[in-house]
Amino acid sequence: MKSFDLRALANEGRQKAIEGAIVAASGALRRGELVAIPTETVYGLAADATNAAAVAGIYAAKGRPSFNPLIAHVSNRAMADAHGIFDEMSAKLADAFWPGPLTLVVPKRPTSDVADLVTAGLDTLALRMPKTQATLDLIRAVGRPIAAPSANKSGGISPTSAADVIAELGDTVSVILDNGPSTVGVESTIVMIDGDVPRLLRPGGVPRGQIEAVIGRPLLAPEGGDTNDKAPLAPGMLTSHYAPNALVRLDATEIRPGEAWLGFGPTAPAGIEQAIAAANLSPSGNLIEAAANLFRLLRMLDRTGATTIAVAPIPGDDMGEAIRDRLIRAAAPR
Ligand code: TXA
Ligand code: MG
């Protein structure tokens, strides 16, 4: 496995070395190998989306149930249009939020050569144009979409640094592009225009309100709810997900024996002095900062061996919707 520290190379002005890293990563993808990619949301475990055997390698490495489809990442709208059919509302959303943390589920174009394993047999395809420049350059170099779920074992905490990826999946990837910590920190928002009904399949890095403002319509829940474990509409929305080893207790206002504390805002809980460890998502109560810190601090507190991570109340508006979604899944019975 080769790891390239893109930030250090950029700071040293070594543009040629960065190009070399992209060449190494695109070569690996074209040979059907797996590459860890940085995005503004979380790190991804990438394969050539048109190579079924390579995509199978993603499912195997993650231990991911094969009914759970993957997001295909593109470097521009033309590539997206070659594989998906954009209705007016989806096109408007792509224009407004790409590149960025929004995934659009659209009908898969019949001529698309994206492997059926990517869509898990669905006739729709999830497409996203990430913001991280090195990853856009990589997709352009490969010349086709790359499938990439979060680079963690299925059901676990998503990685927001190259070190997280190496710890969990380092032996399965040929190349890691290390671009420092992911800035958004929670996965992309997933939207599907269902007939003419816009649906929020997963809250994420673009808050609901911003999307509703662009389309001028409220986002509805997925049909049949969002936690159907058998044949989910956004199958990543399994009830238990993002789970640390420790149990997670939400909306906690006091510390119980054996617990670690994950705070939000300036208020300390009763009994804080007996906490095994303590961390704060955002001492000032900023939801964007809290999202960026969420998975890193969950991992950190999990490593302390606490039996339970007690989490402060977090408001559900703006980025809070995605944060609460992840925490509710982390706290779900497994
Ligand atoms: O921010 C992100 O989206 C990250 C980075 C790496 O881009 N990726 C990510 O991928 O979160 P993953 O595989 O962990 O989540 C993909 C989600 C799953 O919930 C999956 O069920 C849903 O997208 N999905 C994919 N294709 C779909 C489809 N055709 N219809 C409905 N949901 C789909
Ligand atoms: Mg994931």
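Here the focus is the overall build of the protein. Within the protein one finds 11 helices and 14 strands. Scaling as 2.2 N^0.38, a compact globule of 334 residues should have a C-alpha radius of gyration of about 20 Å, and the protein matches this with 19 Å. The dimensions of the protein, computed from C-alpha atoms along their principal axes, are 60 × 50 × 35 Å.

The final tally for this structure, using the stated rule, is 2 aromatic pairs. The lysine or arginine in question, arginine 77, covers the ring of phenylalanine 86, its NZ or CZ lying 4.7 Å from the ring centre.

Turning our eyes to something else, we now look at the pattern of salt bridges. Taken as a whole and judged by the stated rule, the model has 21 salt bridges. Measuring nitrogen to oxygen at the nearest pair gives 3.4 Å for the salt bridge that ties glutamate 212 to arginine 208. In this pair, glutamate 212 and arginine 208 are both assigned in helix α9 (residues 208-215), 4 residues apart and thus about one turn of the helix distant. Each of Glu187, Asp325, Arg326 and Arg329 takes part in salt bridges that share partners, so that together they form one network.

A few words on helix α5 (residues 88-97). By the burial criterion, the buried members of α5 are Met89, Ser90, Ala91, Leu93, Ala94 and Phe97. The inward-facing, buried residues of α5 abut α4 (77-83), β5 (102-107), β9 (189-194), β10 (197-202) and α9. Its side-chain oxygen 3.0 Å from the backbone nitrogen of methionine 89, aspartate 87 forms the N-cap of α5.

Turning next to the sheet that holds β10. Spatial strand order, β1-β8-β2-β3-β7-β4-β6-β5-β9-β10: 10 strands in an open sheet with mixed pairing. At either margin of the open sheet sits one strand with a lone partner, and together these are β1 (2-5) and β10.

Computed from the structure, the second largest pocket encloses a volume of approximately 220 Å³. Every residue lining the second largest pocket is listed: Gly156, Ile157, Asp164, Ala167, Glu168, Ala243, Pro244, Asn245, Arg299, Asp302 and Arg303. Those elements that provide at least two residues to the lining of the second largest pocket are α8 (162-169) and α10 (287-302). At 3 residues, α8 tops the list of elements feeding residues into the lining of the second largest pocket. Grouping the amino acids of the lining of the second largest pocket by side-chain chemistry returns 4 nonpolar, 2 polar and 5 charged.

Let's shift gears to the sheet that holds strand β13 (residues 278-280). By definition, the strands of a sheet pair up through backbone hydrogen bonds, in either a parallel or an antiparallel sense. As summarised here, the arrangement of the 4 strands in space is β11-β14-β12-β13, forming an open sheet in which the pairing is parallel. Since the sheet does not close on itself, it has two edges, and those belong to β11 (247-249) and β13, each with one partner. Each neighbouring strand pair of the sheet contributes to a mean axis angle of 20°, computed without reference to strand direction. Taken together, the 4 bridges between strand β12 (residues 259-263) and strand β14 (residues 308-311) define a ladder with parallel strand orientation. Opposite leucine 262, over in β14, you have valine 311 as the bridge partner.

The next subject is α10. Here α10 is 16 residues long and its end C-alpha atoms lie 21 Å apart, about the 22 Å a rise of 1.5 Å per residue gives. Of all the positions in α10, only Leu287, Ala290, Ala291, Asn293, Leu294, Phe295, Leu297, Leu298, Arg299, Leu301 and Asp302 are classed as buried. The distance from a side-chain oxygen at the start of α10 to the backbone nitrogen of isoleucine 288 is 2.8 Å, and the residue carrying that oxygen is asparagine 286.

Most of the time, phi is negative for any residue but glycine, and the peptide bond is trans. Here tryptophan 98 and proline 99 are connected by a cis peptide whose omega angle stands at -10°. Of note, proline 99 is situated in the loop between α5 and β5. Even without glycine at this site, alanine 120 takes up a positive phi of about 55°. Alanine 120 gets classed as partly exposed once you look at its relative accessible area, which sits at 28%. The backbone of aspartate 318 sits at a positive phi, close to 45°, despite the residue not being glycine. Within the secondary structure layout, aspartate 318 lies in the loop between β14 and α11 (320-331).

Turning our eyes to something else, we now look at the packing of α5 against α9. Packed helices, taken two at a time, are described by the angle between their axes plus the distance between the axes. Packing of α5 against α9 leaves a shortest axis separation of 10 Å and a crossing angle of 125°. As summarised for this structure, α5 and α9 are arranged oblique, according to the angle between their axes. Between α5 and α9 lies a crossing whose hand is right-handed. Listed contacts from α9 to Met89, Lys92, Leu93, Ala96 and Phe97 of α5 are Gln210, Ile211, Val214 and Ile215. A class-by-class count of the residues in the contact of α5 with α9 yields 7 nonpolar, 1 polar and 1 charged.

The next subject is the confidence of the model for the protein. Detailed reading of the predicted coordinates is not advisable wherever pLDDT is low. Mean pLDDT for the protein: 94, with 95% of residues reaching 70 or above. Counting interchain partners and residues more than four positions distant, the pLDDT-below-50 stretch residues 227-233 has 13 contacts.

Reading the values: rules and limits
Residues numbered from 1 in each chain as written. Chains lettered and ligands numbered in written order. Predicted model: local features only at pLDDT ≥ 70, side-chain atom pairs only at ≥ 80, totals over all residues. Heavy atoms only, no water. Helix = DSSP H or I, 4+ residues; strand = E, 2+ residues; numbered from the N terminus. Rg over C-alpha atoms; globule rule 2.2 N^0.38 Å. Phe/Tyr/Trp six-rings, centres within 6.5 Å; stacked < 30°, edge-to-face > 60°. Lys NZ or Arg CZ within 6 Å of the ring centre and 35° of its normal. Salt bridge = Lys/Arg side-chain N within 4 Å of Asp/Glu carboxyl O. Buried < 20%, exposed > 50% of the residue type's maximum accessible area, 1.4 Å probe, protein only. Contact = heavy atoms within 4.5 Å. Polar contact = N/O pair within 3.5 Å; in protein donor to acceptor, adjacent residues only side chain to side chain. Pairing = 2+ DSSP bridges. 1 Å grid on protein atoms, 1.4 Å probe; cavity = no way out; pocket = protein on both sides within 12 Å on 5 of 7 lines; lining within 4 Å. Points joined across faces, edges and corners; volume = space filled by probe spheres on them. Nonpolar A, V, L, I, M, F, W, Y, C, P; charged D, E, K, R; others polar. Axes fitted to C-alpha atoms, helices over the stretch in contact; angles between N-to-C directions. Expected span 1.5 Å × (residues − 1). Parallel < 35°, antiparallel > 145°, perpendicular 65-115°, else oblique. Left-handed = near helix turned anticlockwise from the far one by under 90°. pLDDT = per-residue confidence, 0-100.

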